[in-house]
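Geometric and topological summary
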Amino acid sequence: MGSRRFSTIVLALVLLLLAGSAWAIKNKPTVLGLDLQGGTELIYEAIPTPKNPEIDNDDMERAIEIVRNRVDAFGVAEPEIAQVGATQISIALPNVDNADDAIAQVGHTAQLYFYDFEGGPEDDVSNVIPRDEDVQNPGSRPYMRLWDAVQDASKREPECYQNLCTTNGPTYYLFNKQTLELMAGPTERREDLFLEWDGEQPENSVVKEVPQGTVVVRAEPGTDNPETEEVDESDSARGWFVLRDRPELSGDEIRNPEQNYDQFNQPVVTFEFTDEGREAFKRVTERIAMRGASDAPPGLCATAPDQAPGYSGTFAVVLDGEIQSRPIIDFCENPRGIDGRTGAQISGLDSLKEAQDLATVLRIGALPVKLQLISESQVSATLGQQALDEGLVAGLVGLALVLIFLVVYYRFLGVVAGLGLLVYALYFLALIKVIPITMTLPGIAGTILTIGVAADSNIVIFERIKEEVRKGRSLISAIAVGYRRGIATILDANVIILITSFILFVLATAGVKGFAFTLGVGTVVALFTAVLFTQAILAVLGRSKFLRSPRFLGASEEQKIRWNIDFTGASKWFFSISGVILLVGAIAFATKQFNLGIDFESGSRITAGLAEEATVEEVRDALMDAGIPGIDSAKIQIVEGEGLGETGVQIQAPLDPDQAAEVRPALEEAFGLAGAEGGEEAYESTTVGPTFGAQIAKSAGWAIGFALLVICIYVAIRFEAKYAVPVLIALIHDILLTMGVYALVDREVTSATVAALLTILGLSMYDTIIVFDRIRENVPRMPRAAFSQIVNRSMSEILTRTIITGLSTVFVLAALLVFGGETLRDFAFAMLIGTASGFYSSIFIATPVLTHWKEREHAYRVRRAQIEEAMGYVPVFPEDNVVAKLEDEEGASAGGRGPVEPGDGGAASEAA
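Residues numbered from 1 in each chain as written. Predicted model: local features only at pLDDT ≥ 70, side-chain atom pairs only at ≥ 80, totals over all residues. Heavy atoms only, no water.

What follows concerns the pattern of salt bridges. Charged atoms that come close allow side chains of opposite charge to pair. Inspection of the entire model under this criterion finds 31 salt bridges. Ionic pairing is found between R62 and E65, a salt bridge with its closest N-O pair at 3.7 Å. Here R62 and its partner E65 are both found in helix α3 (residues 57-74), 3 residues apart, which amounts to about one turn of the helix. Since its relative accessible area comes to 35%, R62 is described here as partly exposed. E65 gets classed as partly exposed once you look at its relative accessible area, which sits at 42%. Among the charged side chains, a salt-bridge network with shared partners connects R464, D492, R718, D773, R776, E777 and R781. (Salt bridge = Lys/Arg side-chain N within 4 Å of Asp/Glu carboxyl O. Helix = DSSP H or I, 4+ residues; strand = E, 2+ residues; numbered from the N terminus. Buried < 20%, exposed > 50% of the residue type's maximum accessible area, 1.4 Å probe, protein only.)

The following block contains the structure:
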């Protein structure tokens, strides 16, 4: 331990940092995530386009830049936009509760193409592929069913005129055989059609392939309905056209798009052309005008110019697969076409807002990739505030429980540890504000868990100090030895936690990253407060008279808990117990499978507060009456919580984002939405697509596998290779046991469960490191003992410490389980199972496995044979008289040769 002067300097530094922390806490804002303040989070998957068949990092950076500009134009304060993995973009929009508007503004690829509707680059070829029953008038009307359009389009031969195609290859659609309704698509990869069905084509379905060179586009609003012969403005009556994929120019060849009004005061989007675009526009409009003039009767422009539109051709403006408008090129007004110097316009828009949004999207530019929405989360401010309050209460209760326990058990040392925890809490809160760390619900869980980690570091050292005091050392000497011997154990254990945090941060999803980051930062801060700060306090006060009583430190012999258990001898019972537990879990898994949440399977989870009382069946009936697909198989339950009005309801169903968006208005119409004071609506919705769910599952597997590998490598380096195998067995035991319990109790498996599993690995290793470190320390101290005796002695010395470190974690997890929200409870449940399993496996699985393996070494076989020869059996603990007798015999027979050490083959052979 350093001098009193050094300790005084440390305390002065701590006070200075405390002053800085207080300033930061007072003046710096806390950045809250969407789950705590409310808002919308969208996660998109980037898909290649013809211009970018392979997505690289530059494409992703450009896409993020465009998305950021769109979000800025959307007027969102402090959005968070980040790349997730290689091809995903996460967009967090605080205080945005209209997900539909956000999706419409942000996610459109905005690929704009202009087609000569009736003709193509070759004058004798129509761009519109004629309907089978209407060959003579190909552009008269659209297909009223997508099935019919795709059916005809699929019969075309592949062709890509002068590489003008807008797709990389064929386009695929999945239809229901009976209803002929679209089930999935269009996609450019056939396998993407089946993501919602675990990669297998569903029954009663058929795949249709539209070859490259042919596209199916949605007709513009207001198309004539052939059944009524009236103009139908409804979206369902728009229909579809089949076009040869031969765009004349694209959105890259326009500039300065703006929202404006036409001569009828209707909203339009006007724009200008680039030089290349103007030439292309002039060329195609001239061709359309000349074609219209050749089809019209001679002299029509002079005698009846008002009839010219009936013979004129049209120009189709297609945005993201939908025709926005088809302006007529009047050959009487523009016999030589339109030169494009005055620009052009897009008309036929439904509203002023649509025109404004379209102008904004076109002005910012088209995305270099297609963005497919794979996950959508929406949280109201009411439920966000409720989650924040629950998390804060859980954290304060957990901190209070740990402080009370430390003071009761360690007396004055517990007071010092409590001061260390309070300093840790202030430092950590300041770092959250200064970095800043975006606090999310998983982040709160990580913060609360670090309280237990910080307490564990103090417990390891204080138990060492108490051991030295009981040996008769002075307090000053005991503190020095306790910190010196405890620091290696603390570093090893905390490095394991940092490793798992890092792996979790790199491989996990965005929500879990917050947990991993806070856990990692908290672990580093805890090392500072547990090692430097508490050591400095004890060094300054170590010579005080009131600290001379061992009882005041909880270190008297009467306060010592003694263990006399043959841990290694009872290993067969421990293995049998584990085998039974794992067998029950395996049977439960085989018969019940996992209850996978929407994080791993596509679907939606919706939580809403209703203004009126309602039963589950009434809610289901209301959603069924709204015609929302998939509701008949929905899991609906009543939930409780502040701010959820008369009835809180949670709905989980296989809905895509569009279907999930229909739930809110249906509930609002049937029961009304309630919330916190002031009537603010309480509503939360999370929708996960199959792509995102598959990635979460894949990332979870990689994270767990990689964590196991890295932990084993670290243990092999810090101890020896043979120590790594028992560690691997114990960790796999913990994972399997936790998974078995989840299957047995039918608990939902979410991304929080994955975070808990990885954290279990770190905390389980904490106990294992404590045990292995004491075994390693006792090996040279007991040169004549059998390895089983060394293990039993080591276990009896540190079992109390291991139990107490587990209890400190149990206290914070219990606070999470009782006072936390649903997400925190899921995490706490998994952690409690894992903590119990980790404690059990460290003592009763990893250590016995290590014992059985090490006792096969030649030197330990020799030792065991010597003890059995001297006593007739091997005692549970090494006995001093037996050791002295063996040393005397060894010295006489070996001519004074020293004790046989493990691995000393020559000495062992001579002794035998």
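And the narrative resumes.
A word on the pairing of strand β1 (residues 39-47). Where burial is concerned, most of β1 is hidden: 7 out of the 9 residues are buried. Pairing of β1 with strand β3 (residues 88-94) involves 7 bridges; the strand directions are antiparallel. The residue bridging Y44 from the neighbouring strand is I89, located in β3. Taken together, the 9 bridges between β1 and strand β19 (residues 370-379) define a ladder with antiparallel strand orientation. If you follow I47 over to β19, its bridge partner there is K370. (Pairing = 2+ DSSP bridges.)

For the structure on display, the rule yields 4 cavities of 30 Å³ or more. In this structure, the largest cavity spans a volume of roughly 100 Å³. As for the largest cavity, its lining consists of 14 residues, of which L763, D767, G806, T809 and T835 are closest to the centre. Contributions of two or more residues to the lining of the largest cavity are made by α20 (751-778), α21 (787-819) and α22 (822-854). Residue composition of the lining of the largest cavity, grouped by class: 5 nonpolar, 7 polar and 2 charged. (1 Å grid on protein atoms, 1.4 Å probe; cavity = no way out; pocket = protein on both sides within 12 Å on 5 of 7 lines; lining within 4 Å. Points joined across faces, edges and corners; volume = space filled by probe spheres on them. Nonpolar A, V, L, I, M, F, W, Y, C, P; charged D, E, K, R; others polar.)

The omega torsion across G185 and P186 is 0°, close enough to zero to call that bond cis. The residue after I435, namely P436, is reached through a cis peptide bond having omega -15°. A positive phi is found at L180, a non-glycine position, where the angle reads about 60°. Residue position: L180 is located in the loop between β5 (171-176) and β6 (182-187).

Let's shift gears to the sheet that holds strand β13 (residues 254-261). One open sheet accounts for 3 strands, arranged β13-β14-β18; its pairing is antiparallel. Looking along the sheet, the strands with just one partner apiece sit at the ends: β13 and β18 (344-346). The sheet shows a mean angle of 30° between the axes of neighbouring strands, taken without regard to direction. Where β13 lies against strand β14 (residues 267-273), 6 bridges are found, and the strand directions are antiparallel. Directly across from Q259, in β14, lies its bridge partner V269. Along the sheet, helix α8 (residues 352-364) contacts β13, β14 and β18; its crossing angle with β13, the most-contacted strand, is approximately 170°. (Axes fitted to C-alpha atoms, helices over the stretch in contact; angles between N-to-C directions. Contact = heavy atoms within 4.5 Å.)

Our next topic: the side chain of D245. Mapped onto the elements, D245 comes out in the loop between β11 (240-244) and β12 (249-250). The charged side chain of D245 is buried without a salt bridge, its nearest counter-charge being R246 at 8.6 Å. A polar atom in the side chain of D245 sits 2.8 Å from the side chain of Y115. Contacts of D245, omitting those with residues within four sequence positions, involve Y115, L164, C165, T166, T167, G213, T214 and V215. (Lys, Arg positive; Asp, Glu negative; His and termini not counted. Polar contact = N/O pair within 3.5 Å; in protein donor to acceptor, adjacent residues only side chain to side chain.)

This part takes up the state of the cysteines. What is meant by a disulfide is a covalent connection between two cysteines, made through their sulfur atoms. All told, the structure shown has 2 disulfides when counted by the stated rule. Here C160 pairs with C165 through a disulfide, and the sulfurs are 2.3 Å apart. The class of C160 is partly exposed, set by a relative accessible area of 28%. Shown here is the disulfide that connects C301 with C332, its sulfur atoms set 2.1 Å apart. Residues C301 and C332 share a disulfide whose torsion about the S-S bond is about -90°; that sign makes it left-handed. You can see C301 sitting in helix α7 (residues 300-303) and its partner C332 sitting in the loop between β17 (328-329) and β18, a full 31 residues away along the chain. Given a relative accessible area of 22%, C332 falls into the partly exposed group. Across the chain, the disulfide pattern expressed with sequentially numbered bonded cysteines is 1-2, 3-4. (Disulfide = S-S within 2.5 Å.)

Moving on, we come to the packing of helix α12 (residues 475-507) against α20. How two helices sit against one another is set out by the angle between their axes and by the gap between those axes. The N-to-C vectors of α12 and α20 enclose an angle of 160°; their axes lie 9 Å apart at closest approach. In terms of axis orientation, α12 runs roughly antiparallel to α20. By crossing handedness, the relation of α12 to α20 is classed as right-handed. Where α12 abuts α20, its residues R485, T489, D492, A493, N494, I496, I497, T500 and L504 lie against A755, L758, L761, G762, L763, M765, Y766, I769, I770, D773, R776 and E777. Looking at the contact of α12 with α20 residue by residue, the class counts come to 12 nonpolar, 4 polar and 5 charged. (Parallel < 35°, antiparallel > 145°, perpendicular 65-115°, else oblique. Left-handed = near helix turned anticlockwise from the far one by under 90°.)

Sheet topology note: the strand β15 (residues 313-319)/strand β16 (residues 322-325) ladder contains 3 bridges and is antiparallel. Across the sheet, residue V318 finds its bridge partner in β16, namely I323. Taken together, β15 and the strand that follows it, β16, pair antiparallel across an intervening segment of 2 residues, in which D320 is found at a positive phi of about 50°.

One open sheet accounts for 8 strands, arranged β2-β3-β1-β19-β24-β21-β23-β22; its pairing is antiparallel. A strand with exactly one partner marks an edge of an open sheet, and here the two such strands are β2 (80-84) and β22 (635-639). Sheet twist, expressed as the average angle between the axes of neighbouring strands with direction ignored, equals 15°. As paired elements, β22 and strand β23 (residues 647-653) share 5 bridges and run antiparallel to each other. Bridge pairing in β23 links V639 to G648.

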